[in-house]
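Listed below are the residues making up each chain.
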Amino acid sequence: MSLKNIIFTRLRNFAPASIYCYDCVLLKHHFSTVSDSKKADSEEKLSGFAKSLLKFSESNDTPQTKTFASLLRNSKFIDLGDPKNKIVEGTIYHIVNDDLYIDFGWKFHCVCPRPAKRGTEYVRGATVKLRVNDLELSSRFLGATKDLTLLEADCTLLGIVNSPARQ
Amino acid sequence: MTLFILRSLGSRARTAISEFSYERSRRSRLSTKPNVREEGLKSETDIETYLDPLKHPDYFKVHELFTISDLFEARVHYGHKIGSLNEYMKPYIFGSRQDHLIFDLDITARHLRQALNFTAHIAYQGGIILFISRNAQMAHTVETTALDCKEFAHTRYWRGGIFTNSQCIFGATTRLPDLCIFLNTLNNILTQHTAVVEAAKMNIPSVGIVDTNCNPLLLTYPVPGNDDTPCAIELYCKLFKEAILRGKEHRQKDIDQ
């Protein structure tokens, strides 16, 4: 019984969803045959694999661990890897004439010039696609001990994803 | 006199009596109050000490104001690049990813809880709180936060000597703030805010959000975290405002009783 439990939990964590569903279907089939034969019993006594499967399928699916380390490990930032030349999606939150201030979920925003093509669609609230060049414009200047930051990211504007000006 | 009696007796009796007298004197040195955990609150004095705000670890329940997930979603864990790291911030860093530093939110949460608890206590005692920030983008947010909790904010150019030379600057004896909350401790990338030094000189406690390029040493309650992203600063403002309002609410309740 215990060994089956261990195997089941391992499968549940690492196997693709299709296997889990297949097991579920098998179990349901088993239940239906049992209930047909014993009409008097409303609750069957489960044991072994069936019992553990029912227990896990009924349990509330809480996120595995909510520690900071796990949140970070499963975050989009870690998924990004080396940020150079990665494509991200951002939202325009401020416009000054032809400068678009875009927030893409990082510590800093980026500022991009308004493109000539479909320029009027770039309004506040529009979602755009960006290619990241540098997540923070900071470099060590000659003679300095610390880096000097511009508090800005550097991205290239690729195009619009969705714009409120289109409707 | 007890020593004379002990000497005149036999050795066994002496040890027994000395143990007995030691026990009694030890017991008399102990508090006469019953142990709260075992016997429960018996007298009125016990209840008072237990409900004394200063003795309670979290009298205003500020620990419930945020979770680590909230901090994570507000992007509090993002730091600058390694090149601009202040060496005194190293204990608060979880690590670096592609040269970008990440704060350890467990440590941040601990510091933030202490800071919020302290802020609530200052508000409870009727202290003046001053919000300071030199981030032009968030100046309005900080000022509205101060307005909402009926405290004060200074988000403009800080003239040197406002605390240390207040008599001269304001023309009269001024009551200085009882707490300074720094939403960012830097004026620009290169210089620290003068008020950090002035508050330390005038013995004014300070709570401050310190990023990876900031110096946490002169602050009483440094809170390591992101001070550049608007959503992070909005979260801090919300938390401090809530802590202050709770402190004031309790103060009003105690005054009314």
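- Looking at an unreviewed UniProt entry, one finds chain B named Small ribosomal subunit protein uS2m, with Gryllus longicercus as its source organism.
- Looking at the Function (unreviewed entry) heading of the UniProt record, one finds this comment for chain B: "Required for mitoribosome formation and stability, and mitochondrial translation."
- The record in UniProt for chain B states the following under Subcellular location (unreviewed entry): "Mitochondrion".

- Going by an unreviewed UniProt entry, chain A carries the name Mitochondrial ribosomal protein S28 and comes from Gryllus longicercus.

## Things to note about the overall build of chain B
- Within chain B, the regular secondary structure consists of ten helices and eight strands.
- Burial analysis of chain B (257 residues in total) assigns 46% to the buried set.
- Sequence-distant contacts, at least 24 apart, represent 65% of the contacts inside chain B between residues at least 6 apart.
- Of the accessible surface of chain B, which amounts to about 14100 Å², a share of 52% is contributed by carbon and sulfur atoms.

## Re the overall build of chain A
- Within chain A one finds five helices and seven strands.
- Traced from its N-terminal end to its C-terminal end, chain A shows the element sequence α-α-α-α-α-β-β-β-β-β-β-β.
- Relative to its 167 residues, chain A shows a buried fraction of 29%.
- In chain A, 59% of the contacts between residues at least 6 apart in sequence involve partners at least 24 apart.
- Surface accessibility of chain A: about 11300 Å² in total, with carbon and sulfur atoms responsible for 55%.

## A closer look at the interface of chain A and chain B
- On the side of chain B, 30 residues touch chain A, which itself brings 27 residues to the contact.
- Regarding the contact of chain A and chain B, the summed buried area is about 2500 Å², with carbon and sulfur atoms giving 61% of it.
- Connecting chain A to chain B are four salt bridges.
- Note that Asp228 of chain B is salt-bridged to Lys107 of chain A, the shortest N-O span being 3.1 Å.
- Taken together, chain A and chain B are joined by 14 residue pairs in polar contact (both at pLDDT 80 or more).
- Put simply, the parts of the chain that give the side of chain A that touches chain B at least two residues each are α4 (68–73), α5 (76–80) and β6 (148–149) of chain A.
- Per element, the largest residue contribution to the side of chain A that touches chain B is four residues, and it comes from α4 of chain A.

## Here's the deal with the packing of helix α7 (residues 139–148) of chain B against helix α10 (residues 230–256) of chain B
Residue and element names in this part refer to chain B.
- Relative orientation of the contacting elements α7 and α10 amounts to 10 degrees, with a least axis distance of 10 Å. What the angle tells us is that α7 and α10 run roughly parallel. The two elements α7 and α10 cross, and the hand of that crossing is right-handed. Across the interface between the two elements, Thr141, Val142, Thr145 and Asp148 from α7 touch Glu234, Cys237, Lys241 and Leu245 from α10.
- A breakdown of the residues in the contact of α7 with α10 according to their chemical character gives three nonpolar, two polar and three charged.

## Describing the environment of Val132 of chain A
All names here are of chain A.
- Residue placement: Val132 occurs in strand β4 (residues 127–134).
- Judged by relative accessible area, Val132 falls into the buried class, the value being 0%.
- Placed 51 residues apart in sequence, Val132 and Gly81 show a C-alpha to C-alpha distance of 12 Å.
- Not counting residues within four places of it along the chain, the set of residues in contact with Val132 comprises Pro83, Lys84, Asn85, Lys86, Val88, Asp154 and Cys155.

## Observations concerning the pattern of salt bridges
- Evaluation of the coordinates by the stated rule reveals twelve salt bridges over all chains.
- When the shortest N-O distance is used, the salt bridge between Arg140 of chain A and Asp147 of chain A registers 2.9 Å.
- Here the salt bridges do not stand alone but share partners, grouping Lys107 of chain A together with Asp211 and Asp228 of chain B into one network.

## Digging into the state of the cysteines
- With the rule as written, the count across this model stands at zero disulfides over all chains.
- Here Cys155 of chain A stays unpaired: no disulfide links it, and the sulfur of Cys110 of chain A, its closest cysteine neighbor, is 3.9 Å away.
- With no disulfide partner, Cys149 of chain B has as its closest neighbouring cysteine sulfur the one in Cys237 of chain B, 9.1 Å distant.

## Quick look at the pairing of strand β7 (residues 206–210) of chain B
Residues and elements named next belong to chain B.
- Burial within β7 is extensive, with five of its five residues counted as buried.
- With burial as the criterion, each face of β7 is covered, one bearing Ser206, Gly208 and Val210 and the other bearing Val207 and Ile209.
- Examined bridge by bridge, strand β6 (residues 179–182) and β7 share three bridges and lie parallel to one another. Pairing of Cys180 across the sheet is with Ser206, part of β7.
- Assessed by its sense of winding, the connection that carries the chain from β6 through helix α9 (residues 194–201) to β7 is right-handed.
- For β7 and strand β8 (residues 221–224), the ladder comprises four bridges, and the chain directions are parallel. Note on β8: the bridge partner recorded for Gly208 is Pro222.

What counts and how
Residues numbered from 1 in each chain as written. Chains lettered and ligands numbered in written order. Predicted model: local features only at pLDDT ≥ 70, side-chain atom pairs only at ≥ 80, totals over all residues. Heavy atoms only, no water. UniProt positions renumbered as here; feature names shortened; annotations may be inferred. Helix = DSSP H or I, 4+ residues; strand = E, 2+ residues; numbered from the N terminus. Buried < 20%, exposed > 50% of the residue type's maximum accessible area, 1.4 Å probe, protein only. Contact = heavy atoms within 4.5 Å. Areas by Shrake-Rupley, 256 points an atom, 1.4 Å probe, with all protein chains shown as cover. Buried area = accessible area lost by both parts, 1.4 Å probe. Salt bridge = Lys/Arg side-chain N within 4 Å of Asp/Glu carboxyl O. Polar contact = N/O pair within 3.5 Å; in protein donor to acceptor, adjacent residues only side chain to side chain. Axes fitted to C-alpha atoms, helices over the stretch in contact; angles between N-to-C directions. Parallel < 35°, antiparallel > 145°, perpendicular 65-115°, else oblique. Left-handed = near helix turned anticlockwise from the far one by under 90°. Nonpolar A, V, L, I, M, F, W, Y, C, P; charged D, E, K, R; others polar. Disulfide = S-S within 2.5 Å. Pairing = 2+ DSSP bridges. Right-handed = clockwise from strand over helix to strand, strands pointing away.

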